[in-house]
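# Structural characterization, general
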Amino acid sequence: MQKSIEEKHKEILEALIVSEKAIMTVFVDYFKNNTPLTYASLFGMGIGRRALALSSGFRSMVEQRNSLCALPIIRMQLDTCFRLYAGFFVKDHQQFSKEVFYGAQINKMKSRDGDPLTDSYLVKEVAKQNSWIIDVYKETSGYIHFSNRHILEALRKNKGTEVEMVIGSTDFDRESKHFVEPMRCVHHLNLIIEFALKDWFCRMCSIDGIVISASEYWSGDIIEPDASQVYEDSI
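Here goes a summary of the coordinates provided. Each chain has its residues counted from 1, following the order in which its sequence is written. Restriction of local features to residues with pLDDT of at least 70 applies here, the model being predicted, together with a cutoff of 80 or more for giving and counting side-chain atom pairs; totals for whole chains, interfaces and linings are based on all residues. Just so you know, side-chain values use all the structure's heavy atoms and leave hydrogens and water out.

Helix and strand assignments follow DSSP, with helices taken as H or I runs no shorter than four residues and strands as E runs no shorter than two, numbered in order from the N terminus. Scanning the protein chain from N- to C-terminus turns up nine helices and two strands. Helices (α) and strands (β) of the protein chain occur, in sequence order from the N terminus, as α-α-α-α-α-α-α-β-β-α-α. The burial tally for the protein chain puts 43% of its 235 residues in the buried class. In the protein chain, 70% of the contacts between residues at least 6 apart in sequence involve partners at least 24 apart. Method for areas: the Shrake-Rupley scheme with a 1.4 Å probe, in which residue coverage is limited to the protein chains shown. Roughly 13,400 Å² of accessible area belongs to the protein chain as shown, and the carbon and sulfur atoms make up 54% of that amount. Remark: exposure states derive from per-residue accessible area (1.4 Å probe, protein chains only) relative to the maximum for the residue type, with buried under 20%, exposed over 50%, and partly exposed in between. Residues count as neighbours in contact if any of their non-hydrogen atoms are within 4.5 Å of one another.

Structure representation (structure tokens):
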């Protein structure tokens, strides 16, 4: 039996909260034995702090039906994901983390292959395992800076050629179904961030700077989440 929109909305909301708790658990598990701090672990802490704050803020905006605030948060969570993966793409992740700690701009830094860590580079690299990210990046980028999307949000088509003006903070004419896909997107981004943070803390934060290869450490036990398998139903 196909689920109703309300059931899907509730299910994804619950999944979002679970994914936030999973990110928190990564930190609890890593620091419960008074693990020494490194610049890499501080970098990971910043990533997790931002990811949790954005996910929580996104849920609040969905509850208020405030899409003009909710959709930019998706783009910001994408940025969190990209910046975390940037740490895996550099030659010296500890030096990278140290420079970021002291204010260096990641897009001015370079990968181990000498490519600038620009948005376009990070999108391309992360999309190799998550192709859907390309479209989400393009779609949500238009909500960060003022654009035609914001002008169109002040208008609603009425009968015939009539146009209705809309002023206010909430989407009076949007229902739960309009937020299902954005919520799925943030949920999956949280899954990716949890996966990458767990890998980061387990392999990249050693006080002696030693990095164990992913295949050696995990031995195939951890599989990166697949967006196509997050939900069986689609609207």
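Resuming the write-up.
A few words now on the packing of helix H2 (residues 39–63) against helix H3 (residues 67–89). Angular values range over 0 to 180 degrees, each being the angle between N-to-C directions of two axes fitted as lines to C-alpha atoms, with helices fitted over their stretch in contact. Between H2 and H3, the least distance of the axes is 9 Å, while the angle of their chain directions is 165 degrees. Accordingly, the angle class assigned to the pair H2 and H3 is roughly antiparallel. The element H2 and its partner H3 pack so that their crossing is left-handed. In this structure, H2 contributes Phe-43, Ile-47, Arg-50, Ala-51, Leu-54, Ser-55, Gly-57, Phe-58 and Met-61 to the contact, and H3 contributes Cys-69, Ala-70, Ile-73, Ile-74, Met-76, Gln-77, Asp-79, Thr-80, Arg-83 and Leu-84. Residues of the contact of H2 with H3, tallied by class, amount to twelve nonpolar, four polar and three charged. These descriptions rest on fixed angle ranges, namely under 35 degrees for roughly parallel, over 145 for roughly antiparallel, 65 to 115 for roughly perpendicular, and the rest for oblique. A clockwise turn of the near helix away from the far one marks a right-handed crossing, whereas an anticlockwise turn of less than a right angle marks a left-handed crossing. Residue polarity follows a fixed list, in which Ala, Val, Leu, Ile, Met, Phe, Trp, Tyr, Cys and Pro are nonpolar, Asp, Glu, Lys and Arg are charged, and the others, Gly among them, are polar.

Looking now at the layout of surface pockets. Reported here for the second largest pocket is a volume of approximately 320 Å³. Looking at the lining of the second largest pocket residue by residue, the classes come out as eight nonpolar, four polar and five charged. Residues are said to line a cavity or pocket when one of their atoms sits within 4 Å of a point; the points come from a 1 Å grid over protein atoms alone, cavities being sets where a 1.4 Å probe fits but cannot get out and pockets being open sets with protein on both sides within 12 Å along at least five of seven lines. Grid points are joined across faces, edges and corners, and a volume is the space filled by probe spheres set on the points.

Any carboxyl oxygen of Asp or Glu that lies within 4 Å of a side-chain nitrogen of Lys or Arg is treated as forming a salt bridge with it. According to the stated counting rule, one finds 16 salt bridges in the structure shown. In this structure, the salt-bridge partner of Glu-20 is Arg-59, at a minimum N-O distance of 2.9 Å. Highlighted residues: Glu-20 in helix H1 (residues 5–31) and Arg-59 in helix H2, separated in sequence by 39 residues. A relative accessible area of 10% places Glu-20 in the buried class. Taking relative accessible area as the criterion, Arg-59 reaches 22% and is therefore assigned partly exposed. For Arg-83, the salt bridge identified is with Asp-79, shortest N-O distance 3.1 Å. Here Asp-79 and Arg-83 lie together in helix H3, a separation of four residues that amounts to about one turn. Accessibility expressed as a relative area gives 16% for Arg-83, which makes it buried.

Between the first and last residue of a helix there are one fewer steps than residues, each counted as 1.5 Å, and that sum is the expected span. With 24 residues, helix H8 (residues 180–203) extends 35 Å between its outermost C-alpha atoms, agreeing within 8% with the 34 Å of an ideal straight helix rising 1.5 Å per residue. Of all 24 residues that make up H8, 19 are buried, and the element is covered over most of its length.

Before going further, it helps to examine unusual backbone geometry. Among all residues save glycine, negative phi is the norm, and among peptide bonds the norm is trans. In this model, Asn-34 sits at a positive phi of 55 degrees, which is unusual for a non-glycine residue. Of note, Asn-34 is situated in the loop between H1 and H2. Given a relative accessible area of 69%, Asn-34 falls into the exposed group. Despite not being glycine, Arg-65 shows a phi value in the positive range, around 55 degrees. Within the secondary structure, Arg-65 is located in the loop between H2 and H3. Classification of Arg-65 by relative accessible area gives partly exposed; the value is 34%.

Along the chain, Glu-194 turns up in helix H8. Residue contacts for Glu-194: discarding those within four places in its chain leaves Ala-22, Ile-23 and Val-26.

All right, on to the packing of H2 against H8 then. At their nearest, the axes of H2 and H8 sit 11 Å apart, and the two run at 165 degrees to each other. By the angle class used here, H2 and H8 are roughly antiparallel. Considering the relative orientation of H2 and H8, their crossing is left-handed. Contacts from Ala-40, Ser-41, Phe-43, Gly-44, Met-45, Ile-47, Gly-48, Ala-51, Ser-55, Phe-58 and Val-62 of H2 reach H8 at Pro-182, Met-183, Val-186, Asn-190, Ile-193, Leu-197, Trp-200 and Phe-201. Taken together, the residues of the contact of H2 with H8 break down into 14 nonpolar, five polar and no charged.

None of this, on its own, says anything about what the molecule does.
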